[in-house]
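Chain by chain, the residues:
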Protein chains: 2
Amino acid sequence: MPRSWTSSPDVHLGIDVAPGRGKRRALEQALRDAIHAARLGPGTLLPSSRGLAADLGLSRGTVVEAYAQLQSEGYLVTRPGGSTAVAEAGPVPAESAHSTQRRATEAPAPPGPSYRFDLRPGLLDLSRAFPRRQWMASVRSVLNQAPDAGFDYGDPRGRPELRRALSRYLARARGVVADPEQIVICLGFAHGLSLLTQALGRTGRTTWAMEDPCLPAHPEIARRAGVDVVPLPVDGSGARPSALAKLGADVAVVTPAHQYPTGVTLQPERRAELLAWARATDGVVVEDDYDGEFRYDRQPVGALQGLGPDHVVYAGTTSKTIAPGLRIGWLVLPARLLDPVVDLNRTALGGALPPALEQLALTDFIERGSLDRHLRSLRAEFRRRRDRLVAALSKAAPDLHTTGVAAGLHVLIDLADSGLTERVVADAAAAEGVGVAVLGTHWHGRTRTRRRPSQALVVGYARPTPPQFDNAVRALVRALRSAPG
Amino acid sequence: MPRSWTSSPDVHLGIDVAPGRGKRRALEQALRDAIHAARLGPGTLLPSSRGLAADLGLSRGTVVEAYAQLQSEGYLVTRPGGSTAVAEAGPVPAESAHSTQRRATEAPAPPGPSYRFDLRPGLLDLSRAFPRRQWMASVRSVLNQAPDAGFDYGDPRGRPELRRALSRYLARARGVVADPEQIVICLGFAHGLSLLTQALGRTGRTTWAMEDPCLPAHPEIARRAGVDVVPLPVDGSGARPSALAKLGADVAVVTPAHQYPTGVTLQPERRAELLAWARATDGVVVEDDYDGEFRYDRQPVGALQGLGPDHVVYAGTTSKTIAPGLRIGWLVLPARLLDPVVDLNRTALGGALPPALEQLALTDFIERGSLDRHLRSLRAEFRRRRDRLVAALSKAAPDLHTTGVAAGLHVLIDLADSGLTERVVADAAAAEGVGVAVLGTHWHGRTRTRRRPSQALVVGYARPTPPQFDNAVRALVRALRSAPG
């Protein structure tokens, strides 16, 4: 049943409450649409939640929640006095607009030993995550139906069918403004990062700020690809864009949905600040949305890219949602960066793309709804694991502070108040057969902010099989108790 | 039934005549094995064909043919007076050794218009070439049977299962000495070339000689990847290695089995000369074996790599044998080049590899014999097409010289004696709805050897479907007749 509201002076906010979709989500989508289309311009004052609820025949709580969600995504701001307005750093007017759900990026292969209980971050239980039967159905469908031309040389950006399917999916699930023409298929986040560092590096963007701490493989890729990497500090509100000017950065790589490894969500004022920096300096923000599909306690925070599609490269992959071995990722590029990236990949880099069959199978997997069903099922499983891990930790070690629990596939266990060092605890864990990561290996610069936990474990909960999981948590708890303090 | 011959002084040449394999091929394999293992050292005189035939209970013709085959591959030489000996530039002693058959590399995507009859080279009839049913069987087998770890992050060189299968296949089919540890899976020849130019470029090998003429995409990739490209002249015996010293080349990229686009096979003395250059200068030869699987009139010429595995990078792909959209290729690397290539791909290049599922499906496809059956069938089809094309041309235009017909998926029609220019004929062909390539676009340097055909068409016969093919040939013949001379 369509409902509508006309703002002062003349904005029509059509809300299409489709069957099976929540009213709150419909309202959010309508607001985002209006902001993207500049029908609600920067600074526009919105009605009070009570007033809008009455206008649209919705409960007031629905409107309050929708406003809160869009504030957390940076679309709206709360004015002194409590009124709600469209943020000044709103998005560039864009073709289309969107809603939210989730999607994930990639942490490259942790090499090294195998553990009886593997709680290292960035790894998946592939018995659970890789949906072989459904994937087979998509492969079969493609081999039965795709035309011969589907398996020939093709567009250097990747199959158009997949780019169209991703455009719709990313808009719906992550609030990404993604013209299919501006999507480039790649082989995972690490490969996408390599493409970007080389292509943007050749256009003179040679100073890259990367969050400190971050996944160590990423600064290594960037440095080896020939750019300078400088450390972007992270605190309890996420990356600190105020540091970028001093760093002389041309590009900033961030993980807004769930900072890796601290688990912090980039706060709305930081989102605005980051985009303001990009607009003022012609800087580029690379959004590594590595585990954006996994948010447990409330609606996921939409992608930063939706707020600034002309300044943000959005990067995603199936490595955290299906299997790293799938080797499919995607970059959503601002129009002016499309040619440098595609041209470099087509020539100097030899046209590295995933196989046509895999691209078309993923298209089918998205379009027949398999990906949505798969993610719902995974999210339920990983939420259960997260709950058990957090409960076990707070019972066994109530003095430890566990952060980053609202989303993703890992938590950070801050050891600061325990008197324990991360190395001692990791060794005790290894003695129990448990593999964990330590925060210490994630620093790449000299950033030492006051707020950062000096000693912490990075604990993933997506790798063990269901029968292993509870034993893995018990072994970790034993290790925490037995570690010499 | 095993047969054996002991050479003077003490080489035992065991010949295993397996059921279903020819005696000649068995003898060739045994000779290659003995040469690789240095049991037959450089210069060793072989028995006369009559003597060896009597010793082994084979017909003399079998021995004569085996000797001729190994001469064409550069393993053996004919001495003045007619005796046969192991070549001086024999291979470095190697782990294992091998026989012959065929296999193919890649010419990147010809962009551009679509024709009613597409006779451009480098393209496949995918209704014929891509074996959907058998590929599906391999995918199903992998999804049913492969362990979860098969779909995780993995070895940066590619799946070990595929590297082992390729090692056996390449040894058997192309005479390649391929330790699975020294194979790196990539995404096709263009991608492999990019990897090599970047990795070897960083080790100081920055002057790359590429055959002139060659596929235009290849010098472009190399230049864009940051190396200097110099033109390696080609004549009726293939590339001319004597030019390399003057060119100051560090690397030479060649197409020994069937030079692209002239179709010449690199002659034995040139093979020896090329390897001598590499050994003397620590140069690297890159062997682009793009259509080595397709040889019609006699046994295929084995890969150059078998003669000098420490100095030759062998590169192959499925783009000419299954489908370009498969995006799987491989590099067989000398041991000292392995680390630079793998390390660069793992870091700066972001770990570009084909998906695990595709790699494992190809493994299954090779190991269950599907690839061999597929190639036999394709070879019969393409031989038939080649015969019809050549017959039609010689009937319609007996004054034109058509070369490169013994192998591959294209021929060169030399227009030199006809008074026609390639541009005029290509335009006449386009007017008949026929797409062809012209030799002129394949030059990248200033090489103008006396022997090169100044005006020629490059005509592929693998693209039309079977019902289209005869019509395509007729249309080409009409164009040749109607071109204003």
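Look up a bit, the structure's there.
These lines cover the structure that appears in this document, whether it is placed above or below. (Residues numbered from 1 in each chain as written. Chains lettered and ligands numbered in written order. Predicted model: local features only at pLDDT ≥ 70, side-chain atom pairs only at ≥ 80, totals over all residues. Heavy atoms only, no water.)

A closer look at the overall build of chain A
Note the cut-off: Helix and strand definitions here come from DSSP, where helices need a minimum of 4 consecutive H or I residues and strands a minimum of 2 consecutive E residues; each element is numbered from the N-terminal end. Throughout, exposure labels follow a simple rule: accessible area from a 1.4 Å probe, protein chains only, divided by the maximum for the residue type, with under 20% read as buried, over 50% as exposed, and the rest as partly exposed. Throughout, a residue-residue contact means that at least one pair of heavy atoms, one from each residue, lies within 4.5 Å. Surface accessibility in these figures is a Shrake-Rupley result with a 1.4 Å probe; residues are shielded only by whichever protein chains are displayed.
Of the regular secondary structure elements, chain A holds 15 helices and 18 strands. When burial is assessed residue by residue, chain A has 64% of its 485 residues classed as buried. For chain A, restricting intrachain contacts to residue pairs at least 6 apart in sequence, the fraction spanning at least 24 positions comes to 76%. Looking at chain A as shown, the accessible area adds up to about 16900 Å², and 51% of this sits on carbon and sulfur atoms.

A look at the packing of aromatic side chains
All names here are of chain A. For the record, the criterion: Pairs were defined over the aromatic rings of Phe, Tyr and Trp, the Trp ring being its six-membered one, requiring ring centres within 6.5 Å. Orientation was assigned from the angle between planes: stacked under 30 degrees, edge-to-face over 60, tilted for the rest. Think of it as a cone above the ring: NZ of Lys or CZ of Arg counts as a charge over the ring if it is within 6 Å of the ring centre and within 35 degrees of the ring normal.
Under the definition given, this model contains 8 aromatic pairs over all chains. Measuring from ring centre to ring centre gives 5.6 Å for Phe294 and Phe382, while their planes differ by 75 degrees; the resulting arrangement is edge-to-face. Of this pair, Phe294 sits in the loop between β11 (284-288) and β12 (312-317) while Phe382 sits in helix α13 (residues 370-396), placing them 88 residues apart in sequence. An identical accessibility class is assigned to Phe294 and Phe382; each is buried. Across the ring face of Tyr75, the terminal group of Arg32 is positioned such that the distance to the ring centre comes to 5.9 Å.

So, the relation of the copies chain A and chain B
Put simply, the rule reads: A residue counts toward the fit only if its pLDDT is at least 70 in both copies, and the copies are then superposed by least squares on the C-alpha atoms of those residues.
Each copy of the sequence occupies a distinct position, and chain A is placed on chain B by a rotation of 180 degrees and an axial shift of 0.0 Å, giving an RMSD of 0.1 Å. In short, the pair behaves as if placed about a two-fold rotation axis. Closest to the rotation axis within chain A is the C-alpha of Pro354 of chain A, separated from it by 3.1 Å.

A word on helix α14 (residues 422-431) of chain A
Residues and elements named next belong to chain A. Here is the rule: Arc definition: it is the arc formed by the directions from the helix axis to the C-beta atoms.
Every buried residue of α14 is listed here: Glu422, Val425, Ala426, Ala428 and Ala429. One face of α14 carries all of its buried residues, which in axial projection span an arc of 160 degrees. If you follow the buried residues of α14, they end up packed against β16 (434-435), β17 (437-438), β18 (456-460) and α15 (466-482). At the exit of α14 stands Gly433, carrying a positive phi of roughly 85 degrees.

Let's talk about the sheet that holds strand β10 (residues 251-254) of chain A
All names here are of chain A. Put simply, the rule is: Between any two strands, pairing holds if DSSP finds at least two bridges. Working convention: axes come from line fits to C-alpha atoms, limited for helices to the stretch in contact. Angles between N-to-C directions cover 0 to 180 degrees.
The mixed open sheet is built from 8 strands, whose spatial order is β6-β13-β12-β11-β10-β7-β8-β9. If you trace the sheet from one side to the other, it starts and ends with β6 (183-186) and β9 (238-239), each paired once. Bridge count between strand β7 (residues 207-212) and β10: 3 bridges; the pairing is parallel. Among the inter-strand pairings, Ala209 is bridged to a residue of β10, identified as Ala252. Its contacts with the sheet place helix α6 (residues 160-174) against β6, β12 and β13 (329-332), and it is angled at close to 105 degrees to β6.

A look at the side chain of Arg205 of chain B
Residue and element names in this part refer to chain B. Here is the rule: Think of a polar contact as two N or O atoms within 3.5 Å of one another; within protein, one of them needs to be a possible hydrogen donor and the other a possible acceptor, and neighboring residues in sequence only count if both atoms come from side chains.
With respect to the helices and strands, Arg205 occurs in the loop between α7 (189-202) and β7 (207-212). Given the relative accessible area of 13%, Arg205 is considered buried. A distance of 3.3 Å separates polar atoms of two side chains, one belonging to Arg205 and the other to Asp282. Each residue touching Arg205, except ones within four places of it in the same chain, is listed here: Leu200, Val227, Asp250, Val251, Asp282, Val284, Arg336 and Leu337.

Here's the deal with the pairing of β11 of chain A
Residue and element names in this part refer to chain A. Keep this limit in mind: The handedness rule is simple: strands pointing away from the viewer, and a clockwise path from the first strand over the helix to the second, make the crossover right-handed.
The buried fraction of β11 is high, at 5 of 5 residues. With 4 bridges joining them, β10 and β11 adopt parallel strand pairing. Within β11, the residue paired with Ala252 across the bridge is Val285. Once the chain exits β10 it traverses helix α10 (residues 268-281) before rejoining the sheet at β11, and the crossover so formed is right-handed.

Side note on the sheet that holds strand β14 (residues 401-403) of chain B
The strands making up a sheet are joined through hydrogen bonds of the backbone, oriented either antiparallel or parallel. Residues and elements named next belong to chain B. One open sheet accounts for 4 strands, arranged β14-β15-β18-β17; its pairing is antiparallel. This sheet does not close on itself; its edge strands, each paired only once, are β14 and β17 (437-438). With 2 bridges connecting them, β17 and strand β18 (residues 456-460) associate as antiparallel partners. Looking at the pairing, Val438 lines up with Leu457 of β18.

Comments concerning the nonpolar core
Which entries qualify depends on this criterion: To define a nonpolar core, start from buried Ala, Val, Leu, Ile, Met, Phe, Trp, Tyr and Cys residues and group those joined through side-chain atoms within 4.5 Å.
Core analysis: the biggest nonpolar cluster contains 148 residues, and Trp135, Phe151 and Leu476 of chain A together with Trp135, Phe151 and Leu476 of chain B have the highest contact counts within it. The contacts of Leu476 of chain A, once residues within four sequence positions are left out, are Leu119, Leu389, Leu393, Ile413, Val434, Val436 and Val459 of chain A. One finds Val284 and Leu333 of chain A together with Ile221 and Val313 of chain B within the second-largest nonpolar core, a separate group that totals 62 residues.

So, the pairing of strand β13 (residues 329-332) of chain B
Each regular strand shows side chains that alternate between the opposite faces of the sheet. Residues and elements named next belong to chain B. With burial as the criterion, each face of β13 is covered, one bearing Gly329 and Leu331 and the other bearing Trp330 and Val332. One ladder, built from 4 bridges, connects strand β12 (residues 312-317) with β13; its direction is antiparallel. Following the sheet pairing, Gly316 is matched in β13 by Trp330.

Details of the pattern of salt bridges
Short version of the rule: Any Lys or Arg side-chain nitrogen located within 4 Å of an Asp or Glu carboxyl oxygen qualifies as a salt bridge.
Counting across every chain of the model gives 58 salt bridges over all chains. Between Arg205 of chain A and Asp282 of chain A there is a salt bridge; the shortest N-O distance is 3.3 Å. Of this pair, Arg205 of chain A sits in the loop between α7 (189-202) and β7 while Asp282 of chain A sits in the loop between α10 and β11; the two residues are 77 residues apart in sequence, bridging distant segments of the chain. Classification of Asp282 of chain A as partly exposed rests on a relative accessible area of 39%. Note that Arg157 of chain B and Glu181 of chain B form a salt bridge whose closest N and O atoms lie 3.0 Å from each other. In this pair, Arg157 of chain B sits in the loop between α5 (132-145) and α6 (160-174) while Glu181 of chain B sits in the loop between α6 and β6 (183-186), placing the two residues 24 residues apart along the sequence. Taking the relative accessible area as the measure of exposure, Glu181 of chain B reaches 44% and is therefore partly exposed.

Details of the interface of chain A and chain B
Defined as follows: Defined here as a combined quantity, buried area equals the accessible surface (1.4 Å probe) lost by two parts on assembly, summed across both. Amino acids are sorted into nonpolar (Ala, Val, Leu, Ile, Met, Phe, Trp, Tyr, Cys and Pro), charged (Asp, Glu, Lys and Arg) and polar (every other residue, Gly among them).
Contact with chain A, which involves 58 residues of that partner, is made by 58 residues of chain B. For the pairing of chain A and chain B, the buried interface totals around 4400 Å² over both sides, and the portion due to carbon and sulfur atoms is 55%. Of all residues in chain A, Arg132, Tyr153 and Arg224 of chain A bury the most surface against chain B, accounting for 19% of the area lost on that side. Put simply, chain A and chain B have 8 salt bridges between them. With a closest N to O distance of 2.6 Å, Asp152 of chain A and Arg463 of chain B form a salt bridge. Where chain A meets chain B, there are 26 residue pairs in polar contact (both at pLDDT 80 or more). Class assignment of the residues belonging to the side of chain A that touches chain B gives a composition of 32 nonpolar, 12 polar and 14 charged.

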